[in-house]
Amino acid sequence: MIKKETSLDKTRKYYQSVDMSYNEDEYNPMNLFKDIVVNKLLPLIKTNSSNTIVNLGPLKGKWIPEIIDVLSPKKLICVDMITTFFKHLKKTYSSKNTEIVCVLTEGNELSNLDDNSIDGIISIDALTVGLPSEDIIKYIYEFKRVLKPGKKALVHFQCKINDGPLTQHYENLKIFRIHGHRFAPARSEFILFEKLESE
């Protein structure tokens, strides 16, 4: 019996086929976008104990220097659905101050991460390429599961997502659309997820 190809299979195939042999400087976001992310948005994740941060969909690590610079995590967990750049990430970004750990995902889960273990999640343009609403919903539930109470996930969607995933009821999870950054293309948006303290 032939297994039907899913949208996650197609996404994985896409990333495995793309030539990503660019130089580090070639794949940087535009300066204004980068400036807003670094100076206004990443600090929304920073807390007194940003010890363990997740970078969801890092690929070759285009945001890792900024994440380390702003959040100073002791451990940065790079979660991706391909292993192509795992060696590169560890070799390039590990230091005495930040341990780089690479974790494989199926593309809609964080099953290798423990409950209530993460101080922040950053995902910029990773949850975009053909990802259906039901997989975004699965990720949101996973954010809620792995984040410590009071901690946040910052997600940039390269294209606007329909309201379905954001209007679900997620107990103890607050969802904010971040407005006012006109540098971002009209079809893209930032969403902030905050896990509330248990009552």
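We now turn to the structure provided with this report. Nothing here was measured: the structure is a model prediction, and the numbers come from that model.

Rules used in this analysis
- Residues numbered from 1 in each chain as written.
- Predicted model: local features only at pLDDT ≥ 70, side-chain atom pairs only at ≥ 80, totals over all residues.
- Heavy atoms only, no water.
- Helix = DSSP H or I, 4+ residues; strand = E, 2+ residues; numbered from the N terminus.
- Buried < 20%, exposed > 50% of the residue type's maximum accessible area, 1.4 Å probe, protein only.
- Contact = heavy atoms within 4.5 Å.
- Pairing = 2+ DSSP bridges.
- Axes fitted to C-alpha atoms, helices over the stretch in contact; angles between N-to-C directions.
- Core = buried A, V, L, I, M, F, W, Y, C linked by side-chain atoms within 4.5 Å.
- Arc of directions from axis to C-beta.
- Phe/Tyr/Trp six-rings, centres within 6.5 Å; stacked < 30°, edge-to-face > 60°.

1. Remarks on the side chain of Glu-66
Inspection of the secondary structure puts Glu-66 in helix H3 (residues 64-71). Note on Glu-66: relative accessible area 12%, which makes it buried. Beyond its immediate stretch of four places on either side in the chain, Glu-66 contacts Lys-34, Val-38 and Leu-42.

2. Some details on the sheet that holds strand E7 (residues 189-195)
As summarised here, the arrangement of the 7 strands in space is E3-E2-E1-E4-E5-E7-E6, forming an open sheet in which the pairing is mixed. On the outer flanks of this sheet lie strand E3 (99-104) and strand E6 (173-178), each paired with one strand and no other. When strand polarity is set aside, the average angle formed by the axes of neighbouring strands in this sheet is 15°. One ladder, built from 6 bridges, connects E6 with E7; its direction is antiparallel. Paired with Leu-173 across the two strands is Lys-195, which belongs to E7. Contacting strand E1 (52-56), strand E4 (118-124), strand E5 (147-157), E6 and E7, helix H5 (residues 133-146) crosses the sheet at an angle of about 150° to E5.

3. Examining the nonpolar core
Counting 29 residues, the largest nonpolar core has Val-37, Ile-67, Leu-89, Ile-122 and Leu-154 as the members making the most contacts within it. Within the residue set of this core, elements represented by two or more residues are helix H2 (31-41), H3, strand E2 (75-80), helix H4 (86-93), E3, E4 and E7. At 5 residues, the largest contribution of residues to this core is made by H2. Ignoring any residue separated from it by four or fewer positions in sequence, one finds Ile-67 in contact with Leu-42, Ile-53, Asn-55, Ser-72, Pro-73, Leu-76 and Ile-122. By size, the runner-up hydrophobic cluster in this structure holds 26 residues, among which are Ile-140, Phe-143, Val-155 and Phe-193.

4. Structural notes on H3
The set of residues buried in H3 consists of Ile-64, Glu-66, Ile-67, Val-70 and Leu-71. Mapping the buried residues of H3 onto a view down its axis gives an arc of 160°, with all of them on the same face. Elements that come into contact with the buried residues of H3 comprise H2, E1, E2, H4 and E4. Backbone geometry just after H3 places Ser-72 at a positive phi near 45°.

5. Remarks on the packing of aromatic side chains
Per the counting criterion, the structure on display carries 3 aromatic pairs. Between Tyr-139 and Phe-143, the ring centres sit 6.1 Å apart and the planes meet at 25°, which makes this aromatic pair stacked. You can see Tyr-139 and its partner Phe-143 sitting in helix H5, 4 residues apart, about one turn around the helix. Look at Phe-143 and you get buried, because its relative accessible area is 1%. Here the aromatic rings of Tyr-141 and Tyr-170 are separated by 4.8 Å at their centres, their planes lie at 65°, and the arrangement is edge-to-face.

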